[in-house]
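The lines below spell out each chain.
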Amino acid sequence: MTQSKTLARLLTAAVMGVLAVALLAPAAQAKEPAPGYEVFKGCPSPEEKAGLAVCLHSDITGGHLQTGSKDVPIENPLTLSGGADENFEGFTFNSKGGLTKVKQKVPGGVLGLTGLTWLLEFFGSDALTLYAETELAGTPSNFTIETVTIPIKVHLTTPSGVLGNTCYIGSNSSPITLKLTTGTTSPPEPNKPITGKEPELSIDGKGIIHLDNGTYVDNSFSVPGASGCVLKLFGFIPISLNGFVNSQSELPSAAGKNEAVQDFDLQFVERGFVYP
């Protein structure tokens, strides 16, 4: 029996045990997480959303996202939190959940992104520091011990607004769809298979199931071109930078030329414990 199947059986047994205990709990009334479960504050209470069975909280602690020729390290942790049904589908979240917007510094800055060295004359080097913020572009799905599918878009920003406020790679209608796995990928050429890392399973005294020190990977996804990148020269002359960004960053980028690696810790628990 593989480690994955063993983990799956342990996980199933743990969830069923937790659900059985929760059935004995009184009807949910609270709108704030119970003491000890504050980490699940992004999970909607029964008053906010009916039909949810579990609350989830995942910390993305490291890794990188490479799109086209640009590779952005994950140096500042992100959090994904919310709730799901008994099949770990129908992911949803309240105003305290979702995917946190965290700035990651992009190596090379705006000059590396666009190739337009003359921008230094107008803005200076500090103003051309570039950040990438990953945002949800749809509903995460396919939650298992080994997988999760997350549609995202990447918001590119600068301290001075050189790229405008709507510069994105990916969108809600054309997302970057990460089909993350702790197993081994099967990407098209020129990428080669890469392997993630299965997390360590444990259950604490509060009924919270922990999947720690895991690594998700995907290098089979495609990336669309940039959109909404507009420089307003002298504050009023609009210049589209989409073409420069796409050319310099080799976007759009076909499947087999991109890579995502996410180190993660995941916690989940039956919602009745969070909102007793």
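About the criteria used
- Residues numbered from 1 in each chain as written.
- Predicted model: local features only at pLDDT ≥ 70, side-chain atom pairs only at ≥ 80, totals over all residues.
- Heavy atoms only, no water.
- Core = buried A, V, L, I, M, F, W, Y, C linked by side-chain atoms within 4.5 Å.
- Buried < 20%, exposed > 50% of the residue type's maximum accessible area, 1.4 Å probe, protein only.
- Helix = DSSP H or I, 4+ residues; strand = E, 2+ residues; numbered from the N terminus.
- Contact = heavy atoms within 4.5 Å.
- Salt bridge = Lys/Arg side-chain N within 4 Å of Asp/Glu carboxyl O.
- pLDDT = per-residue confidence, 0-100.
- Polar contact = N/O pair within 3.5 Å; in protein donor to acceptor, adjacent residues only side chain to side chain.
- Phe/Tyr/Trp six-rings, centres within 6.5 Å; stacked < 30°, edge-to-face > 60°.

Q: So what exactly am I meant to see when it comes to the nonpolar core here?
A: If you look at soluble globular proteins, the nonpolar side chains tend to sit buried side by side. In terms of nonpolar packing, the biggest core is built from 52 residues, with Leu56, Leu156, Leu163, Ile169 and Ile176 touching the most fellow members. Broken down by element, this core gets its largest block of residues, five residues, from strand β7 (residues 147-157). Among residues more than four places away in sequence, those in contact with isoleucine 176 are Ile150, Pro151, Ile152, Val154, Ile169, Gly170, Phe221, Ser222, Val223 and Pro224. Listed in part, the nine residues of the second largest apolar core include Cys43, Cys55, Ile208 and Val274.

Q: Looking at this structure, how should I read the pattern of salt bridges?
A: Oppositely charged side chains may form a pair once their charged atoms are brought near each other. Enumeration according to the criterion identifies three salt bridges in this entry. In this structure, the salt-bridge partner of lysine 101 is glutamate 135, at a minimum N-O distance of 4.0 Å. Taken together, the residues lysine 101 in the loop between β4 (98-99) and β5 (103-105) and glutamate 135 in strand β6 (residues 131-136) connect sequence positions 34 residues apart. Assessed through its relative accessible area of 60%, lysine 101 is described here as exposed. For glutamate 135, a relative accessible area of 9% gives the class buried. Lysine 192 is the salt-bridge partner of glutamate 189, the closest N and O atoms lying 3.2 Å from each other.

Q: Explanation requested: the confidence of the model for the protein in the structure shown.
A: Low-pLDDT stretches of the model should not have their predicted coordinates read in fine detail. Overall, the predicted model of the protein reaches an average pLDDT of 89, with 88% of residues at or above 70. Note on residues 1-10: pLDDT is under 50 here. Beyond four places in sequence and across chains, it has 11 contacts.

Q: Explain the side chain of histidine 155 here, please?
A: Mapped onto the secondary structure, histidine 155 falls in strand β7. Given a relative accessible area of 11%, histidine 155 falls into the buried group. Looking at histidine 155, its side chain comes within polar contact range of the main-chain oxygen of asparagine 165, at 3.0 Å. Leaving out residues up to four positions away in the same chain, histidine 155 has contacts with Tyr131, Ala132, Glu133, Glu135, Asn165, Thr166, Cys167 and Tyr168.

Q: Before we go on, may I ask you to explain the packing of aromatic side chains in this structure?
A: Each aromatic ring pair is characterised by the separation of its centres together with the angle its planes make. All told, the structure shown has six aromatic pairs when counted by the stated rule. On the numbers, 5.8 Å between centres and 85 degrees between planes, the contact of tryptophan 118 with phenylalanine 122 is edge-to-face. Classification of phenylalanine 122 as partly exposed rests on a relative accessible area of 40%. Ring centres 4.0 Å apart and planes at 10 degrees place the aromatic pair tyrosine 216 and phenylalanine 264 in the stacked group. Here the residue tyrosine 216 occupies a position in strand β11 (residues 209-218), and phenylalanine 264 occupies one in strand β15 (residues 259-270), the gap between them amounting to 48 residues.

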